[in-house]
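These are the residues of each chain, in order.
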Amino acid sequence: MKSHILTSEELFSRLPLSENKIITIVGAGGKTTLLYALAKKLAANSQKVLATTTTHIMRPTYSPKIPSGFILEQENVSELHHAFSTSNLVYLGIPMTLANSCINQKEGYQTKWQSPSLDFLEKIRSVPDYILCEGDGSRRLPVKIPRKKEPVLYPGTEMVIGIIGLSCLGQPVKNNLFGWKENPSFFQTLLSSTEGTEHRITTDTLFQIALSPEGLQKSTENRVFHVVLNQADTLSYNRMTDIELLSQKIRDNGIPCHIVSLKNQNR
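Residues numbered from 1 in each chain as written. Predicted model: local features only at pLDDT ≥ 70, side-chain atom pairs only at ≥ 80, totals over all residues. Heavy atoms only, no water.

S.K.: Give a detailed account of the packing of helix 6 (residues 184-191) against helix 7 (residues 203-211), specifying residues and quantitative values.
M.R.: Contact pair helix 6 / helix 7: the axes reach a minimum separation of 9 Å and the direction vectors enclose 145°. Listed contacts from helix 7 to Phe186, Thr189 and Leu190 of helix 6 are Thr205, Gln208 and Ile209. Looking at the contact of helix 6 with helix 7 residue by residue, the class counts come to three nonpolar, three polar and no charged. (Axes fitted to C-alpha atoms, helices over the stretch in contact; angles between N-to-C directions. Helix = DSSP H or I, 4+ residues; strand = E, 2+ residues; numbered from the N terminus. Contact = heavy atoms within 4.5 Å. Nonpolar A, V, L, I, M, F, W, Y, C, P; charged D, E, K, R; others polar.)

This is the structure in C-alpha coordinates:
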(Lines give C-alpha, C1' and ligand atoms only; values in the text may rest on other atoms or scores of the structure.)
Protein backbone atom coordinates (compact mmCIF):
# COMPACT_ATOMS: atom_id res chain seq x y z
CA MET A 1 0.00 0.00 0.00
CA LYS A 2 2.86 2.41 0.65
CA SER A 3 3.58 2.48 -3.10
CA HIS A 4 0.34 4.43 -3.55
CA ILE A 5 1.48 7.25 -1.27
CA LEU A 6 3.09 10.10 -3.20
CA THR A 7 6.14 12.01 -2.01
CA SER A 8 6.21 15.77 -2.43
CA GLU A 9 8.33 15.41 -5.58
CA GLU A 10 5.79 13.03 -7.11
CA LEU A 11 2.97 15.36 -6.13
CA PHE A 12 4.65 18.34 -7.78
CA SER A 13 5.09 16.40 -11.02
CA ARG A 14 1.30 15.95 -11.11
CA LEU A 15 0.40 19.58 -10.45
CA PRO A 16 0.04 21.91 -13.47
CA LEU A 17 2.71 24.28 -12.20
CA SER A 18 3.90 25.60 -15.57
CA GLU A 19 0.47 27.07 -16.34
CA ASN A 20 -0.43 28.31 -12.85
CA LYS A 21 1.98 30.72 -11.18
CA ILE A 22 -0.18 32.16 -8.38
CA ILE A 23 -1.18 29.38 -5.99
CA THR A 24 -3.22 29.67 -2.80
CA ILE A 25 -3.20 26.73 -0.37
CA VAL A 26 -6.25 26.21 1.85
CA GLY A 27 -7.51 23.63 4.32
CA ALA A 28 -5.61 21.98 7.15
CA GLY A 29 -3.16 19.22 7.93
CA GLY A 30 -0.06 20.33 6.04
CA LYS A 31 -0.58 23.76 4.40
CA THR A 32 2.66 25.27 5.65
CA THR A 33 4.66 22.11 5.03
CA LEU A 34 3.38 22.00 1.46
CA LEU A 35 4.10 25.71 0.98
CA TYR A 36 7.72 25.30 2.12
CA ALA A 37 8.31 22.13 0.10
CA LEU A 38 6.93 23.65 -3.08
CA ALA A 39 8.84 26.90 -2.51
CA LYS A 40 12.07 24.95 -2.10
CA LYS A 41 11.43 22.96 -5.28
CA LEU A 42 10.66 25.99 -7.44
CA ALA A 43 13.48 28.15 -6.06
CA ALA A 44 15.96 25.33 -6.68
CA ASN A 45 14.85 25.42 -10.33
CA SER A 46 15.96 29.07 -10.59
CA GLN A 47 12.42 30.43 -10.21
CA LYS A 48 11.82 33.57 -8.15
CA VAL A 49 9.32 32.49 -5.50
CA LEU A 50 7.32 34.65 -3.08
CA ALA A 51 5.88 32.80 -0.07
CA THR A 52 3.30 34.72 1.93
CA THR A 53 -0.11 34.68 3.58
CA THR A 54 -3.42 36.50 3.20
CA THR A 55 -4.37 35.68 6.80
CA HIS A 56 -1.80 34.64 9.45
CA ILE A 57 1.23 32.38 9.49
CA MET A 58 4.06 31.67 11.89
CA ARG A 59 7.17 33.70 11.03
CA PRO A 60 9.73 31.50 9.23
CA THR A 61 12.70 30.70 11.43
CA TYR A 62 15.78 28.71 10.55
CA SER A 63 15.29 24.96 10.82
CA PRO A 64 15.84 21.90 8.62
CA LYS A 65 12.14 22.03 7.70
CA ILE A 66 12.21 25.58 6.34
CA PRO A 67 14.27 26.39 3.22
CA SER A 68 16.52 29.41 3.53
CA GLY A 69 15.31 32.62 1.95
CA PHE A 70 15.14 36.38 2.33
CA ILE A 71 12.68 37.55 5.01
CA LEU A 72 10.84 40.77 4.15
CA GLU A 73 8.62 42.35 6.82
CA GLN A 74 7.46 45.57 5.20
CA GLU A 75 5.37 46.72 2.24
CA ASN A 76 8.14 48.09 0.06
CA VAL A 77 8.41 47.35 -3.65
CA SER A 78 12.05 48.44 -3.88
CA GLU A 79 12.98 46.17 -0.97
CA LEU A 80 11.17 43.28 -2.64
CA HIS A 81 13.23 43.74 -5.81
CA HIS A 82 16.36 43.91 -3.66
CA ALA A 83 15.34 40.72 -1.88
CA PHE A 84 15.02 38.85 -5.16
CA SER A 85 18.44 40.13 -6.23
CA THR A 86 19.93 38.17 -3.31
CA SER A 87 17.67 35.11 -3.11
CA ASN A 88 15.28 33.12 -5.32
CA LEU A 89 12.99 32.66 -2.31
CA VAL A 90 11.44 35.57 -0.42
CA TYR A 91 9.15 35.24 2.60
CA LEU A 92 6.77 38.19 3.03
CA GLY A 93 4.68 39.01 6.10
CA ILE A 94 3.93 41.77 8.58
CA PRO A 95 4.95 41.02 12.19
CA MET A 96 2.22 40.85 14.80
CA THR A 97 2.92 41.91 18.35
CA LEU A 98 1.34 40.54 21.48
CA ALA A 99 -0.62 43.78 21.74
CA ASN A 100 -2.52 43.23 18.47
CA SER A 101 -2.73 39.48 18.18
CA CYS A 102 -3.95 36.42 20.02
CA ILE A 103 -0.48 34.89 20.26
CA ASN A 104 -0.01 32.78 23.37
CA GLN A 105 2.51 34.38 25.73
CA LYS A 106 4.79 31.33 25.65
CA GLU A 107 5.21 31.65 21.86
CA GLY A 108 7.19 34.82 22.37
CA TYR A 109 7.25 38.25 20.81
CA GLN A 110 6.60 38.75 17.08
CA THR A 111 6.51 35.04 16.24
CA LYS A 112 3.47 35.37 14.01
CA TRP A 113 2.83 37.22 10.76
CA GLN A 114 -0.28 38.83 9.39
CA SER A 115 -0.96 39.50 5.74
CA PRO A 116 0.33 42.54 3.90
CA SER A 117 -2.51 44.64 2.51
CA LEU A 118 -4.34 43.15 -0.45
CA ASP A 119 -3.58 46.35 -2.39
CA PHE A 120 0.15 45.75 -1.92
CA LEU A 121 -0.18 42.07 -2.84
CA GLU A 122 -2.01 43.11 -6.00
CA LYS A 123 0.72 45.62 -6.83
CA ILE A 124 3.60 43.13 -6.59
CA ARG A 125 2.08 40.05 -8.17
CA SER A 126 4.10 40.48 -11.40
CA VAL A 127 7.46 40.68 -9.58
CA PRO A 128 8.14 36.98 -8.80
CA ASP A 129 7.83 34.01 -11.15
CA TYR A 130 5.67 32.16 -8.60
CA ILE A 131 3.56 33.25 -5.65
CA LEU A 132 2.65 30.70 -2.96
CA CYS A 133 0.13 31.80 -0.36
CA GLU A 134 -1.60 30.38 2.69
CA GLY A 135 -5.21 31.46 2.37
CA ASP A 136 -6.75 30.47 5.70
CA GLY A 137 -5.97 29.28 9.22
CA SER A 138 -6.58 26.02 11.05
CA ARG A 139 -4.93 26.30 14.49
CA ARG A 140 -2.91 23.15 13.68
CA LEU A 141 -5.95 20.89 13.47
CA PRO A 142 -5.93 18.27 10.67
CA VAL A 143 -9.11 19.30 8.84
CA LYS A 144 -11.22 22.42 8.51
CA ILE A 145 -14.22 24.07 6.93
CA PRO A 146 -14.01 27.76 5.98
CA ARG A 147 -15.23 30.42 8.32
CA LYS A 148 -17.38 33.30 7.04
CA LYS A 149 -14.56 35.40 5.57
CA GLU A 150 -12.37 32.49 4.47
CA PRO A 151 -10.54 31.67 2.35
CA VAL A 152 -8.76 34.85 1.36
CA LEU A 153 -7.21 34.16 -2.03
CA TYR A 154 -4.14 36.00 -3.24
CA PRO A 155 -5.25 38.49 -5.92
CA GLY A 156 -5.18 36.77 -9.29
CA THR A 157 -4.94 33.26 -7.84
CA GLU A 158 -4.85 30.73 -10.68
CA MET A 159 -4.75 27.46 -8.73
CA VAL A 160 -6.16 26.51 -5.33
CA ILE A 161 -4.84 23.47 -3.48
CA GLY A 162 -7.16 22.16 -0.77
CA ILE A 163 -5.44 19.97 1.81
CA ILE A 164 -6.82 17.52 4.37
CA GLY A 165 -4.79 15.80 7.10
CA LEU A 166 -5.80 12.15 7.19
CA SER A 167 -4.92 11.77 10.87
CA CYS A 168 -8.47 13.06 11.47
CA LEU A 169 -10.05 9.88 10.09
CA GLY A 170 -11.98 8.01 12.78
CA GLN A 171 -11.50 10.83 15.29
CA PRO A 172 -14.26 12.90 16.99
CA VAL A 173 -15.28 15.69 14.66
CA LYS A 174 -15.44 18.49 17.24
CA ASN A 175 -11.86 17.82 18.40
CA ASN A 176 -10.37 17.68 14.90
CA LEU A 177 -12.43 19.92 12.61
CA PHE A 178 -11.53 23.61 12.69
CA GLY A 179 -14.27 26.10 11.83
CA TRP A 180 -17.29 24.05 12.90
CA LYS A 181 -18.45 26.63 15.43
CA GLU A 182 -18.35 29.43 12.85
CA ASN A 183 -20.10 27.42 10.12
CA PRO A 184 -22.96 25.71 12.00
CA SER A 185 -25.22 25.02 9.00
CA PHE A 186 -22.58 23.11 7.04
CA PHE A 187 -21.44 21.42 10.24
CA GLN A 188 -24.94 20.06 10.81
CA THR A 189 -24.88 18.65 7.29
CA LEU A 190 -21.54 16.98 7.98
CA LEU A 191 -22.81 15.32 11.17
CA SER A 192 -24.99 12.98 9.11
CA SER A 193 -21.82 11.49 7.60
CA THR A 194 -20.07 10.85 10.93
CA GLU A 195 -20.22 7.68 13.02
CA GLY A 196 -21.16 6.90 16.62
CA THR A 197 -22.13 9.03 19.56
CA GLU A 198 -18.82 10.91 19.33
CA HIS A 199 -19.50 11.73 15.67
CA ARG A 200 -16.26 10.29 14.34
CA ILE A 201 -15.00 11.49 10.97
CA THR A 202 -15.50 9.12 8.04
CA THR A 203 -14.42 9.15 4.40
CA ASP A 204 -17.93 10.41 3.58
CA THR A 205 -17.26 13.40 5.86
CA LEU A 206 -14.02 14.12 4.01
CA PHE A 207 -15.74 13.74 0.64
CA GLN A 208 -18.26 16.41 1.56
CA ILE A 209 -15.55 18.75 2.87
CA ALA A 210 -13.45 18.26 -0.27
CA LEU A 211 -16.22 18.89 -2.80
CA SER A 212 -18.72 21.20 -1.13
CA PRO A 213 -18.82 24.90 -2.10
CA GLU A 214 -19.00 25.43 1.68
CA GLY A 215 -15.85 23.34 2.12
CA LEU A 216 -12.51 23.35 0.32
CA GLN A 217 -14.08 24.39 -2.99
CA LYS A 218 -15.34 27.67 -1.56
CA SER A 219 -14.30 30.61 -3.82
CA THR A 220 -12.57 28.35 -6.34
CA GLU A 221 -14.83 29.19 -9.28
CA ASN A 222 -12.94 29.46 -12.61
CA ARG A 223 -9.70 28.39 -10.95
CA VAL A 224 -7.76 25.15 -11.18
CA PHE A 225 -8.53 23.11 -8.04
CA HIS A 226 -6.66 20.11 -6.65
CA VAL A 227 -7.28 18.12 -3.46
CA VAL A 228 -4.31 16.80 -1.47
CA LEU A 229 -4.95 14.08 1.13
CA ASN A 230 -1.90 14.36 3.38
CA GLN A 231 -0.66 12.30 6.36
CA ALA A 232 -1.26 9.02 4.54
CA ASP A 233 1.67 7.62 6.53
CA THR A 234 -0.63 7.60 9.59
CA LEU A 235 -3.07 5.11 8.04
CA SER A 236 -3.52 1.40 8.62
CA TYR A 237 -3.88 -0.96 5.65
CA ASN A 238 -7.69 -0.91 5.88
CA ARG A 239 -7.81 2.87 6.24
CA MET A 240 -5.53 3.24 3.23
CA THR A 241 -7.91 1.16 1.16
CA ASP A 242 -10.78 3.43 2.22
CA ILE A 243 -8.77 6.53 1.27
CA GLU A 244 -7.93 5.13 -2.15
CA LEU A 245 -11.65 4.68 -2.75
CA LEU A 246 -12.30 8.22 -1.48
CA SER A 247 -9.62 9.62 -3.79
CA GLN A 248 -11.10 7.85 -6.78
CA LYS A 249 -14.58 9.09 -5.87
CA ILE A 250 -13.27 12.68 -5.81
CA ARG A 251 -11.60 12.15 -9.20
CA ASP A 252 -14.82 10.69 -10.58
CA ASN A 253 -16.40 14.05 -9.74
CA GLY A 254 -13.87 15.83 -11.95
CA ILE A 255 -11.43 17.00 -9.26
CA PRO A 256 -7.78 15.87 -9.31
CA CYS A 257 -6.94 14.22 -5.98
CA HIS A 258 -3.57 13.09 -4.62
CA ILE A 259 -2.73 10.87 -1.64
CA VAL A 260 0.56 12.02 -0.13
CA SER A 261 2.86 12.00 2.86
CA LEU A 262 4.65 15.31 3.32
CA LYS A 263 6.31 14.08 6.51
CA ASN A 264 10.02 14.93 6.63
CA GLN A 265 9.93 16.11 3.04
CA ASN A 266 12.05 19.18 3.75
CA ARG A 267 14.82 17.44 5.62
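Further notes follow.
S.K.: Quick rundown of the pairing of strand 8 (residues 130-134)? Include the residues and the values.
M.R.: Residues in a regular strand project their side chains so that they alternate between the two faces of the sheet. Most of strand 8 is tucked away: five of the five residues are buried. Covered by surrounding structure in strand 8 are Tyr130, Leu132 and Glu134 together with Ile131 and Cys133, the residues of both alternating faces. As paired elements, strand 1 (residues 22-27) and strand 8 share four bridges and run parallel to each other. The partner of Ile25 across the bridge, within strand 8, is Glu134. As paired elements, strand 2 (residues 49-53) and strand 8 share five bridges and run parallel to each other. Bridging across to strand 8, Ala51 finds its partner in Leu132. (Buried < 20%, exposed > 50% of the residue type's maximum accessible area, 1.4 Å probe, protein only. Pairing = 2+ DSSP bridges.)

S.K.: Which residues make up the side chain of Ser138, and what values go with them?
M.R.: Tracing the backbone through its elements, the reader meets Ser138 in the loop between strand 8 and strand 9 (143-144). A distance of 3.2 Å separates the side chain of Ser138 from the side chain of Lys31, its partner in a polar contact. (Polar contact = N/O pair within 3.5 Å; in protein donor to acceptor, adjacent residues only side chain to side chain.)

S.K.: With reference to specific residues and values, describe helix 7.
M.R.: Listed as buried for helix 7 are Thr205, Leu206, Phe207, Ile209, Ala210 and Leu211. Contacts from the buried residues of helix 7 go to strand 9, strand 10 (159-165), strand 11 (177-178), helix 6, strand 12 (224-230) and helix 8 (237-252). Looking at where helix 7 begins, the residue whose side-chain oxygen comes 3.2 Å from the main-chain nitrogen of Asp204 is Thr202.

S.K.: Describe the pattern of salt bridges, naming the residues involved and giving the relevant values.
M.R.: Here the structure, examined in full by the defined rule, presents nine salt bridges. Where Asp136 meets Lys144, a salt bridge forms, and the shortest distance between an N and an O atom there is 3.7 Å. Each member of the pair, Asp136 together with Lys144, is buried. The shortest N-O distance in the salt bridge between Glu150 and Arg147 comes to 2.7 Å. (Salt bridge = Lys/Arg side-chain N within 4 Å of Asp/Glu carboxyl O.)

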